[in-house]
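# Overview (structure and organization)
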Amino acid sequence: MPQPPAVSSSLIDVMLPAAQAPQAVGVASASRLRWLWRSLVVGLAYYLTGRLGLLLPYQDAHITLLWLPSGIAMAALLRWGSAMAPAIALAAACTALSIGSSFALSLALALGNTAGPWLGSIWLRRVGFRHAMDRPRDVLAYLAIGAGFGMVVTATNGVVALMSAGLIGSAAAPAAWLGWWLGDAIGALIAGVPLLTWPPRGTLRRRISAVDRLLNAALVVVAFGTGSISFLQPPGSAFTPFVFIPHLLLAVLAIRAGLHYASLTALVLAAVAAWGTATGQGPLYSDNVREGLSLLWGYIATLTALPLLIAVLVAERSRSEDRWQLALEGTGTGVADWDVREGRVQYSRRWKAMLGYAVHEIGTGIDEWRGRVHTDDLARLQAALDELLAGRRNELRIEHRLRCRDGRWKWFELHARVVERSERGNPLRLISTAIDVTERHGAAERQRLSTNLVQHLHEGLVITDAQCRILHVNPAYTRLTGTAREELIGTVPALLQPDSDDGPRDELGEDLRRRRAELRNALKAGDVWRGELIAQRRSASRYTQQITVSVVRNATGDVEHHVLAVSDITTARQQREQLERQAHYDPLTQLPNRLRLATLLREAIAAADRDGHSLAIAYLDLDHFKPLNDQFGHDAGDRLLAELSQRLRSALRGHDVVARLGGDEFVLLMRTTSMQECSQALQRVLQAVTQPYTMGMPRAWNVTASIGVTVYPSDRADADTLLRHADHAMYGAKQAGRNQVQFFDPELDRQTMARREAARRVDAAIAAGEFILYYQPKVDMRLREVVGFEALLRWQRPQYGLLPPSEFLPLVETAELAVKLGDWVIDQALRQLSNWSADGLHLNVSVNISGRHLQHPEFAERLRELLTQHDPLLARRLELEVLETAALADPRRTSEVMDRCRTLGVRFALDDFGTGYSQLTYLRDLPIDALKIDRSFVRGMLEAAADRAIVEGVIALSRTFGCAVIAEGVESAEQASALVAAGCSIGQGYGIAAPMPAAAVPGWVDGYRAHVAVTQPAEPV
C-alpha cells in the first residue's frame, strides 16, 4: 500500500497557528468588548460630571472649583491602565465643545486633562501605590502626585490654552491657574478616593458583618440627612449648625467602615452642598459668587480630607496592632486583658488559636475561662489569682491545663500582672500572657520516663564523651561488673581502649583484641556495632557480655557520645550452645549428625580444593544389626552403637571426621593422598568394627559393616551427590556379600539407579492393580484327587504382556516393598478362597512368602488382620510357603513367627527343600507342616541316581519330622509313578496343569474329576 506523503515542518508551523487562531480570536474579541464597555462608562461619567461641574464657573466658563472628571480619570487610569486614555480625551473634548469652545481649544484642553491624570497614574504605579490607601505613604503619594503633580499639569495646560485663545489675559492667569488647580485637585480627591478604595463586588459581604452593615448604613443616612437639611434651607436658617454634623459622622464612619464608605458619603454630601449653594440655599451661599464658591471649596475639602486622615490613622494603628499580634504569635504567646470590674476578658487571636478557636468563637466572660481549666488545676490556680488580686503578690506565674475545642487538654504557662488599681488598691485591670508548654511538659515527662527507664533497666548502660571517657553508668552496669559508679566515671571502657603490646595474651586478651578490630571496622561503615565479649568481673569470675555500641553525632556530624548497652548472656549462651549441640550432634554417640555433616563436608571439600589433597567420603552401614535389637532389645543396640562410635573415632586420624546419619549408618570424611592409603585406613575401620561386643549381653556379639567410598576430586560432584554416590557404593558392597569396602563405580551406580527405578515401577504397579494371581493345582497322584492350588504372582504389564515372577521379583529388594507386595498376595488369595467357598468349591491355597516379609516385626499381627477382614476359618485352608534359605537365615526368629501364625490355623511349607545347606538341628526346631522337593531334583530323578537319592532322602526326612512332602516340577507320568513308588503322593507341575487364572480353576477341577472317573485307577495322574 502506498504511503501518504510526508507533511513538511514548515506546513506544520503554518497549521498550528491556524488551528489556534479561533481561540486567540475569541480571547481578543472579549478583551476588545471589555475595553469598549469600560471606555463607554468612563467617557460618559466624565462628560456628565464635567457638565455638572461647569454649572459652577469660578472665573471663566472653563474653570470651576469642583471638577469631578479629574477624579474619574485618575481612578480609571489607575484601575484599568493607560487603555482608558482615549476615552478620557474624547470625553474631555466633547465637554469643551459642549460649552462653545473652538475645536482647537477643545483639543488642547482634552490633551491636558488626559495627560495630567495619565502621568500621575504612571508615577503612582512606579512608587508602589495601593488602591486601598490604607498606608500613610499611599495617601501622601496620592495627594502629592495624583492631586498635586497631575492636576498641576492639567491646570497649567488649561490656562496656557485659554491665554492662547485670548479668553484670559496675563493678569488674570495666576488666579485662573489657582482656581483650575483647586477644582481639579478637589475633584481628584472627592471622586477619585471612593472610586479607588471601593472594593470589588462581594468583598463587603465577606469583610463586614450584618450588624456592622446596618450601623454603617445608619451613619450614612444620618450624615446625608443632616447635610441635606443644612444645604437645602434658606441662608441663615436655624439648621445651619447641622452643617458640621456630617464631619463627625464621616469620622465615625471612617473608623468603623473604612475609607471607601466615608469617601463615598463625602462625595454625596459634596454634591448636595454644591447643588444647594448653586441654587442659592444653604449656609455657604453668598451674593459674592467667588466668596460663596471659595467657602464651598473649603467645605468640600474638609469633607474629603477628614476621612482620609482618620482612615490613615486607623490603618496605621491597625498595622501596629497587627505587628504586635504577629510578634506575639511569633513568640507563641497569647494575651488576655481582664477587666476586673466588669468581669470581662478580651483574648488575643493567638490565645484563641492555641485553643483551636476562631476569632469570634470564645466569649468574654471570666466564668467561661474558668470552665476551661482542668478540675485538678482549678483550686490551685484560683488561690494564686486571689493572692494576686489581694495585693499579696505583684505577679503570677503558674502552669495549668486548658481544654481545647477538640476536647484535648493542653498545658499552658500563665503569667499575669495587675496593671491598674483603684485609689484604694483594688485591682481594676489585669494583663496575662499564656504560652503553650504542652510539648515541654511532654519532653519533661519523657525525660523523667527515660531517666527512670535507664535507672531500672536490666541491661547495663554506659554513656561516654567523644574521647570515650565514661560520663554516666546505670546501676545495672555497676552490678554487672561489680565496680562502683565512682570508680567508673572518667575511665575508658576496655572495648574502646586502643590495642597495646603489653596487653594480656590469654583467652580474654585475644577475644578483646578481636572485638576491638570488629568494632573499628563496623564504626567506619556505620554508627552501630553489636557483638559478644568474654569479660571478667571484679570478683574474677568470667561471663559473656552482649554489647551494642552506638555513636551519637552532633549537628555537624562530629562524634559527641558513645552509648554502650551491655547485658549478661552467659546463661543464654550456654543454652544456645546446648541447643546448637543438640541440633548438630547425635545425643547417643555425640557424633556430628546429618545437619552438622553437611557443613563439615562443605568445609572439607573447600579445604581439599585449597590444599590440593584428596577427600574420601565413606558411607558405613552395619550388617545384621537388626537381629541384635530384636534379641536383646534396643538398649543393647544403643550400647553397641555408642561403643562403635568410640572405635571409629579411635581408628581415624585427628583431622578426620566420623558422623552418624541415623540408625546404624555412619559417614567418614578422611584426608588421603592415594587410593592405597584410603583402602588401608578403611580396612582398619572394618577390623575395629568386627571386634566382638559384650556390653553386658549374655554372650559376645559380632557385627560386620559394608562400606561404600567415593573420592573427591576424582568424583567432582557437590556434597549431596558425593554422599549419594558413597551410599550407592555401600549398597553394592551389601550386594557383593557384605563385610567389605567398595569404591564408587559409575556403572554400578547406573545399575543401582536402574534397580531403584524398577522398584519404583513395581510399587506403582501395585497401586495401579497390574498384578494378578495365577493358580497351579496340587493333586494326590495316588488317590487322584485335587488337594489344593499354589498362588503364583504375575504382572500384567501394559505393552509387555504377562510377566512371570522371575522378571520382577528380583526388583523387590527393599523390605518395605516386599511387605507391601506380600500383604497384597495374601489378601487376594484369601479373597479368592472366600469366593470359591461361596460357590461350593472348598480348596486349599498356598502362598509364597519372602524372607523379608516373614522377618517383619508385625507379620503375624498383619496376617491376623487380613484373616479377620475375610473369614478367620479360611486359615485352615491357607498354607504359607517359605524358602529354606530364608527360614534358616534366623531360625530362632523364624520359629517364633511361625508359632504365632500357626495359632491362627495357618500351615507352613518349606519350599525348594534340598537346595540350601540346612543344619538338621535348626530344621528340627521349625514348625513345618510340609516339605517341597525342589523341581531340579524331580526333573533328574529318572536319569541321575544322585537326584533320585536326594528325593528319596527328603521323603524319608519328612516321615522322620512327621510332615507331608510335595514334589514340584512333575512333568510326566513316569515321574509321577516314580514319586508315588518312593512314597511321595502329592505333586504339582506342568505335567498335571499349567498355572491358570482364578476364573479357570472351577472348570479345570470339574474336568480333572471327570477325567479321573473314566481312567484306570492304577494310573497315577
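Residues numbered from 1 in each chain as written. Predicted model: local features only at pLDDT ≥ 70, side-chain atom pairs only at ≥ 80, totals over all residues. Heavy atoms only, no water.

Attention shifts here to the overall build of the protein chain. Assigned secondary structure in the protein chain consists of 36 helices and 25 strands. Per-residue burial over the protein chain gives 45% buried out of 1021 residues. Residue pairs at least 24 apart in sequence account for 61% of intrachain contacts in the protein chain once pairs closer than 6 positions are excluded. A total of about 51,700 Å² of accessible surface is found on the protein chain, and carbon and sulfur atoms cover 57% of it. (Helix = DSSP H or I, 4+ residues; strand = E, 2+ residues; numbered from the N terminus. Buried < 20%, exposed > 50% of the residue type's maximum accessible area, 1.4 Å probe, protein only. Contact = heavy atoms within 4.5 Å. Areas by Shrake-Rupley, 256 points an atom, 1.4 Å probe, with all protein chains shown as cover.)

Over its 18 residues, helix α21 (residues 594-611) extends 25 Å from the first C-alpha to the last, a length consistent with the 26 Å expected when each residue adds 1.5 Å. Burial in α21 covers these residues: L597, L600, L601, A604, I605, A607 and A608. Seen end-on, α21 carries its buried residues on one side only, within an arc spanning 160 degrees. The inward-facing, buried residues of α21 contact β11 (614-623), β12 (657-662), β13 (665-672), β14 (704-712) and α25 (719-735). The N-cap of α21, judged by a side-chain oxygen 3.2 Å from the amide nitrogen of L595 a few residues on, is N593. A positive phi of about 85 degrees marks G612, the residue just after α21. (Expected span 1.5 Å × (residues − 1). Arc of directions from axis to C-beta. Polar contact = N/O pair within 3.5 Å; in protein donor to acceptor, adjacent residues only side chain to side chain.)

With that settled, the discussion passes to the environment of R125. Looking at the secondary structure, you find R125 in helix α4 (residues 103-126). Owing to a relative accessible area of 38%, R125 belongs among the partly exposed residues under this scheme. Through-space distance from the C-alpha of R125 to that of L78 is 7.6 Å; in sequence the pair is 47 residues apart.

Pairing within the open sheet is antiparallel, and its five strands lie in the order β2-β1-β5-β4-β3. Sheet topology places β2 (344-347) and β3 (395-403) at the edges, where each strand pairs with a single neighbour. Across the sheet, the mean angle from the axis of one strand to that of its neighbour is 25 degrees, orientation sign disregarded. The sheet contact formed by strand β1 (residues 333-339) and β2 spans four bridges and is antiparallel. Bridge assignment links W338 to a residue of β2, and that residue is V345. (Pairing = 2+ DSSP bridges. Axes fitted to C-alpha atoms, helices over the stretch in contact; angles between N-to-C directions.)

So, on to the pattern of salt bridges. Evaluation of the coordinates by the stated rule reveals 36 salt bridges. The partner of E399 in a salt bridge is R440, and the shortest N-O contact between them spans 2.5 Å. Separated by 41 residues along the polypeptide, E399 in strand β3 and R440 in helix α16 (residues 438-456) bring together distant segments of the chain. Judged by its relative accessible area of 25%, E399 is partly exposed. When salt bridges with common partners are traced through the structure, they connect K778, E790, E879, E881, R907, K932 and E968 into a single cluster. (Salt bridge = Lys/Arg side-chain N within 4 Å of Asp/Glu carboxyl O.)

Moving on: unusual backbone geometry. The peptide bond linking Y712 to P713 adopts the cis configuration, its omega dihedral lying at 15 degrees. Here P713 lies in the loop between β14 and α25. Phi is positive for Q590, close to 60 degrees, though the residue is something other than glycine. With respect to the helices, strands and loops of the structure, Q590 is situated in the loop between α20 (570-584) and α21. In this structure, N739 takes a positive phi of about 55 degrees despite not being glycine. Along the chain, N739 falls in the loop between α25 and β15 (741-743). Residue N739 is classed as partly exposed on the basis of its relative accessible area of 38%.

This part takes up the pairing of β13. Of all eight residues in β13, six are buried, a share of seventy percent or more. Across eight bridges, β11 lies against β13 in antiparallel orientation. Among the inter-strand pairings, D621 is bridged to a residue of β13, identified as E665. When β12 meets β13, the two strands line up antiparallel, connected through five bridges. Its bridge partner being in β13, V657 is matched across the sheet by L669. The turn linking β12 back onto β13 is made up of two residues, and G663 within it adopts a positive phi angle of 60 degrees.

Glancing now at the UniProt feature "transmembrane region" (unreviewed entry) in the protein chain. Cross-referencing UniProt, the feature "transmembrane region" (unreviewed entry) maps to residues 35-56, 63-81, 87-119, 139-172, 178-198, 210-232 and 296-315 in the present numbering. Measuring from the first to the last C-alpha atom of residues 178-198 gives 30 Å, for a span that is 90% helix and 0% strand. In the segment residues 210-232, helix accounts for 96% and strand for 0%; the C-alpha atoms at its two ends are 32 Å apart. (UniProt positions renumbered as here; feature names shortened; annotations may be inferred.)

Ordered by their spatial adjacency, five strands build an open sheet running β12-β13-β11-β14-β15, and the pairing between neighbours is mixed. Sheet topology places β12 and β15 at the edges, where each strand pairs with a single neighbour. When the angles between neighbouring strand axes are averaged without regard to direction, this sheet yields 25 degrees.

Following the criterion strictly, the structure yields eleven aromatic pairs and no others. Geometrically, the ring pair formed by W123 and F149 is edge-to-face, given 5.2 Å between the ring centres and 80 degrees between the ring planes. Linking W123 in helix α4 with F149 in helix α5 (residues 136-165), this pair joins segments that are 26 residues apart in sequence. Its relative accessible area of 41% is what places W123 among the partly exposed residues. On the basis of relative accessible area, F149 is assigned to the partly exposed category, the value being 31%. Chaining the aromatic ring pairs together yields one cluster made of Y775, F789, W836, W1004 and Y1008. Here R537 stacks its cationic end above the ring of Y543, 4.0 Å away from the centre of that ring. (Phe/Tyr/Trp six-rings, centres within 6.5 Å; stacked < 30°, edge-to-face > 60°. Lys NZ or Arg CZ within 6 Å of the ring centre and 35° of its normal.)

Right, let's get into helix α31 (residues 891-902). Over its twelve residues, α31 runs 16 Å from end to end, which matches the ideal 16 Å to within 8%, given 1.5 Å per residue. Within α31, burial applies to P891, R893, T894, S895, V897, M898 and C901.

What follows covers the nonpolar core. One recurring pattern in soluble globular proteins is that nonpolar side chains are buried together. Ranked by internal contacts, the top residues of the largest apolar core, which has 80 residues, are F771, V847 and W1004. It is helix α27 (residues 815-838) that provides the largest number of residues to this core, a total of ten residues. In this view, W1004 contacts P777, V779, V786, F789, I992, A993 and M996; residues no more than four positions away in its chain are not counted. The next biggest cluster of nonpolar side chains, apart from the first, holds 32 residues, and it includes F666, L686, V703 and I707. (Core = buried A, V, L, I, M, F, W, Y, C linked by side-chain atoms within 4.5 Å.)

Attention now goes to the pairing of strand β16 (residues 771-780). Counting buried positions along β16 gives nine out of ten residues, so the element sits mostly inside the fold. When β16 meets strand β17 (residues 785-797), the two strands line up antiparallel, connected through ten bridges. When the bridges of β17 are listed, D780 appears paired with E785. Connecting β16 to the antiparallel partner β17 that follows it, the hairpin turn spans four residues, and R784 within it adopts a positive phi of roughly 55 degrees. Judged from the two bridges that link them, β16 and strand β25 (residues 996-997) form a sheet pairing that is antiparallel.

Right, let's get into a nonpolar patch on the surface. On the surface, a cluster of nonpolar side chains totalling about 410 Å² of accessible area is made up of W118, L119, W123, V127 and F149. By residue number, the principal contributor to the nonpolar patch is α4, which donates three residues. (Patch = residues over 30% accessible without salt bridge, like charges linked within 9 Å, V, L, I, M, F, W, Y side chains within 5 Å.)

Mean pLDDT for the protein chain: 82, with 89% of residues reaching 70 or above. Segment residues 1-19 is flagged for pLDDT under 50; beyond a separation of four residues in sequence, or across chains, it makes two contacts in the model. Contacts from residues 200-207, a stretch scored under 50 in pLDDT, to residues over four places away or in other chains number six contacts. (pLDDT = per-residue confidence, 0-100.)

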